[in-house]
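# Structure assessment
The chain contents come next:
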Amino acid sequence: MNIFHTADWHLGKLVQGMYMTEDQQFILEQFMQHVEREKPDVVIVAGDLYDRALPPVEAVKLLDEVFEKIVLELNVPVLAIAGNHDSPARIHYGSKLLKKAGLHVVGQLESAFTPVVTEDAFGVVHTYLLPYVDPAQVKHFFKDDAVTSQQTAMARMMAHYDTVLQRDVRNVLVAHAFVTKHGEEAQNTSDSERTLSVGGSDCVSAELFQAFDYVALGHLHEAHYVLRESIQYAGSPLKYSVSEQHHKKGYLHVELRDKGDVRVEKVLLAPRRDMRTVETTLNELLHMPRSDDYVFVKLLDEQAVQSPMEQVRTVFPNALHVERVMPAMQTEQLERSTRAKRSTTELFSAFIEEMTGQPVRPEAAQLFNELLQQTMLQEREVEA
């Protein structure tokens, strides 16, 4: 069976105040051309279809057009799940009707344990669509008080899959999570990836997925495999922050043959505009070739620069950000960058220690985490 695995479209994305919708349409039209030429058996979209729970109208229209083209015109089934940026209820709406046309969309946990069944020359394939869910939702669904973290939530869901999987067929899982080899802590691959948990680890262990022949993951924006080559992140099809400037963007072409025989090929897509950093003096920049790329400019001028953005945009009309970088400033910028990467809980603890001269008490940190988690869940429910 041939699968096109993609993820993290983030339709409606704003980067430095600029909507990326035209760039997303450009890259998805290219993707659809690949679908039309190669005619895969299914297309998988592993979450974060939209960038937020209430996407702009243009984003909804674009997703509708893409799914209509792939499912109705090209007759290729689409299997998609809600990610942590999506509204589960909105993504799930109409799913029973849509699947009759070949569009299988799951936003809520109760539909995650019934497979989409397909068949090829090698036999039957069962694909399970597991949307992103908070640990609190998993705890409520299974009525299991032992679920307290991303790891225990995923472990509980995998334990349930163990009771429903048919071992003699090829089983595929589509999921949206922060997966590392053994559940160890790791950095996000992009500044545009939203934190999944408060006061605990975001990460879950790839060892939990041993029962599946292929795991199609979403959430991390850089394509890579975890633990084994059959557990793959497709990455996002576009660069959504300058932290992604060195990523190679595209999708994964997955070939499932006999059980245990999985082959994965990365297929690159060419964006309308690249996203990159330009670090130089203003005088040198003004002599560079004109480019429509999205650039983040770091000026090395020691003297003050008048109207820097206006001058930069004579060469880079789509420049997104300009800053002066001097040796004295670099230390301060590094400190700001370090602070920005700290979790909300770490910032709270550092604030308490700075104000009182004493480390935060464990019970105070726990109370803060509980209140913050409750607030985040309430905000998500309001958005939904």
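Definitions and limits used
Residues numbered from 1 in each chain as written. Predicted model: local features only at pLDDT ≥ 70, side-chain atom pairs only at ≥ 80, totals over all residues. Heavy atoms only, no water. Helix = DSSP H or I, 4+ residues; strand = E, 2+ residues; numbered from the N terminus. Expected span 1.5 Å × (residues − 1). Buried < 20%, exposed > 50% of the residue type's maximum accessible area, 1.4 Å probe, protein only. Pairing = 2+ DSSP bridges. Axes fitted to C-alpha atoms, helices over the stretch in contact; angles between N-to-C directions. Contact = heavy atoms within 4.5 Å. Salt bridge = Lys/Arg side-chain N within 4 Å of Asp/Glu carboxyl O. Parallel < 35°, antiparallel > 145°, perpendicular 65-115°, else oblique. Core = buried A, V, L, I, M, F, W, Y, C linked by side-chain atoms within 4.5 Å.

Moving on, we get to helix α1 (residues 21-38). The terminal C-alpha atoms of α1, which comprises 18 residues, lie 25 Å apart, in line with the 26 Å expected from a rise of 1.5 Å per residue. Of the positions making up α1, those classed as buried are T21, D23, Q24, I27, L28, Q30, F31, M32, H34 and V35.

We note that Q16 has phi near 55°; this positive angle belongs to a residue other than glycine. By secondary structure assignment, the location of Q16 is in the loop between β2 (14-15) and β3 (18-19). Of note in the backbone geometry, H219 takes a positive phi value of approximately 125° without being a glycine. Within the secondary structure, H219 is located in the loop between β12 (214-218) and β13 (224-226).

Turning to the sheet that holds strand β6 (residues 103-106), a few remarks are in order. Taken together, the six strands give an open sheet; going across it, the order is β6-β5-β4-β1-β15-β16, and neighbouring strands pair in mixed fashion. Taken across any chain shown, the strands that pair with only one partner, and hence form the sheet edges, are β6 and β16 (262-268). The average angle at which neighbouring strand axes cross in this sheet is 20°, direction not considered. Looking at chain direction, strand β1 (residues 2-6) and strand β15 (residues 250-256) are connected through four bridges and run antiparallel. Paired with I3 across the two strands is V254, which belongs to β15. Across the face of the sheet, α1 comes into contact with β1, β4 (42-45), β15 and β16 while running at roughly 175° to β1. Of the strands in this sheet, β4, β5 (78-81) and β6 touch helix α2 (residues 57-73), which is tilted by about 145° from β5.

On to the pattern of salt bridges. A side chain of one charge can pair with a side chain of the opposite charge if their charged atoms are brought near each other. The tally for this structure, following the rule as stated, stands at 17 salt bridges. Among the ionic pairs, K69 bridges to E73, the shortest N-O distance being 3.3 Å. Taken together, the residues K69 and E73, both in helix α2 and four residues apart, mark about one turn of the helix. Residue classification places K69 among the partly exposed residues on the basis of a relative accessible area of 24%. Its salt-bridge partner being D162, residue R167 comes within 3.3 Å of it at the nearest N-O pair. Classification of R167 as partly exposed rests on a relative accessible area of 43%. One salt-bridge network, in which partners are shared between bridges, spans E22, D23, R272 and R273.

At a minimum axis distance of 11 Å, the contact between α1 and α2 shows a crossing angle of 5°. By the angle between their directions, the pair α1 and α2 is classed as roughly parallel. Contact residues: α1 offers T21, Q24, Q25, L28, F31, M32, V35 and E36, while α2 offers E58, L62, V66, K69 and I70.

All right, on to the nonpolar core then. Among the nonpolar cores identified, the biggest contains 33 residues, and L109, L130, M157, M158, Y161, L173 and V179 are the most heavily contacted of them. Of all elements in the fold, only α5 (135-142), α6 (150-164), β9 (170-176), β10 (178-180), β11 (203-205), β12 and β14 (228-233) reach the threshold of two or more residues within this core. No other element matches α6, which puts five residues into this core. If near-sequence neighbours (up to four positions away) are discounted, L173 is found in contact with Y128, L130, M158, Y161, F209, F212, Y214, V215 and A216. Membership of the second largest hydrophobic core comes to 32 residues, among which are L49, L63, F67 and L238.

By themselves these figures say nothing about function.
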